[in-house]
Amino acid sequence: MSEPADRRYGPATLPRARGPLSAAVVEALRRPPHDLPADLGVDLDPADPFTDEDLQLTLFLCYELHYRGWLGVDESWEWQPTLLALRARCERIFEAALRRLVGAPPVPAAGVAAGLAELVAADNGPALAATLQRHADLTQFREFVAHRSVYHLREADPHSWALPRLGGPAKAALVEIQTDEYGNGRLDRMHAELFRRTLDRLGLDTGYGAHVDVAPAVTLATNNLMSLFGLHRRLRGALLGHLAAFEMTSSLPNRRYGNGLRRLGFDEVATRFYDEHVEADAVHEQIAAHDMCEGLVRAEPALAPDVLFGAAAGLAVDRLFAAHLLDSWAAGRSSLRAPAPPALPPRVSLVAMPAVAPPAPPALV
């Protein structure tokens, strides 16, 4: 399936607004850069920032200007002062909600690597990976992949913001991890490209940002979390902690995702993205916890609490994401916003696909 380069690699098409604040931003971005009303967003007070569609889309609209940008939007919007002021208002709400959600994880005497291991060991989130491995049907798996495409089509980019902000052992460790993520300079081995093939095999749009419109607030929040940490130097410790937790909790779920696709009859092209992460992330988790995070804290001891905050925040928001998918499927509804991705035929024969059981209960491990 061939596509024009701009569809595959961005910029993305502006999504539809989800409330008055995101509507104002979308309308503004369609015009040349100009000052926004000084009071825009000052009365924003969402009951739940993680599920507030207007807040999370507004943040995503602002953050994407620092990545690939939006199709047809003047690039000068990236540093427009009044838009940055609006973004800062939204960020204060989001960051405060994150800190309420996870508190301040204590730094154990054994160090941040031990603290990261404790956080991961205590993480008892909903069994999304097990459900996808054993029970999810094709529609549900396609939904999961559409959700994850928002991140995986720019995989590793948010964490690369840390590179110019680090030196010494932490920087060397991050470079080692990111080099693998970017395929060691080979396009066909970049993880984003491997994921694009998975999308293609499942009959989903492979364009950059193609599924933002159907991704709910909690999915955008998992992405906005990384951008928040990445775009603020003061949160560089949280960014590295997030990456460490991400790597430390990746190998087993990715094995399950790959096995789930095999159960549904898919080939090695569809599963390669997940299979690649089983081995790579088993190595990355050691580098991330010990060389990267411990290396950072040796150089800057005051950042130890930030490292554990970033890890805890990432794990907590991922739990909210997993609960949303499983709760939606248990209720017999889509986990995506309407309209869902079109039911294009997968690019693999499913004639031998086994019968599919109903979604697993949340207690499944």
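Everything numeric in this text was worked out from a predicted model, so none of it was measured. (Residues numbered from 1 in each chain as written. Predicted model: local features only at pLDDT ≥ 70, side-chain atom pairs only at ≥ 80, totals over all residues. Heavy atoms only, no water.)

Asks: In this structure, what is going on with the packing of aromatic side chains? I would like to understand it.
Replies: In this description, an aromatic ring pair is defined by two values, namely the gap between the centres and the angle between the planes. In this structure the tally under the stated criterion is ten aromatic pairs. Here the aromatic rings of Phe195 and Phe273 are separated by 5.0 Å at their centres, their planes lie at 70°, and the arrangement is edge-to-face. Taken together, the residues Phe195 in helix α10 (residues 191-201) and Phe273 in helix α14 (residues 268-299) connect sequence positions 78 residues apart. Accessibility expressed as a relative area gives 0% for Phe195, which makes it buried. By relative accessible area, Phe273 is classed as buried at 1%. (Phe/Tyr/Trp six-rings, centres within 6.5 Å; stacked < 30°, edge-to-face > 60°. Helix = DSSP H or I, 4+ residues; strand = E, 2+ residues; numbered from the N terminus. Buried < 20%, exposed > 50% of the residue type's maximum accessible area, 1.4 Å probe, protein only.)

Asks: I tried to follow unusual backbone geometry on my own but got confused; where do I start?
Replies: Peptide bonds are, in most cases, trans, and in most cases residues other than glycine have a negative phi. Note the cis peptide between Gly10 and Pro11, where omega equals 5°. Summarising the element assignment, Pro11 is placed in the loop between α1 (5-9) and α2 (20-29). Of note, the phi angle at Ala156 is positive, near 80°, even though the residue is not glycine. Structurally, Ala156 can be placed in the loop between α7 (138-152) and α8 (157-160). Positive phi outside glycine occurs at Asn184, with the angle close to 55°. One can find Asn184 in the loop between α9 (168-181) and α10.

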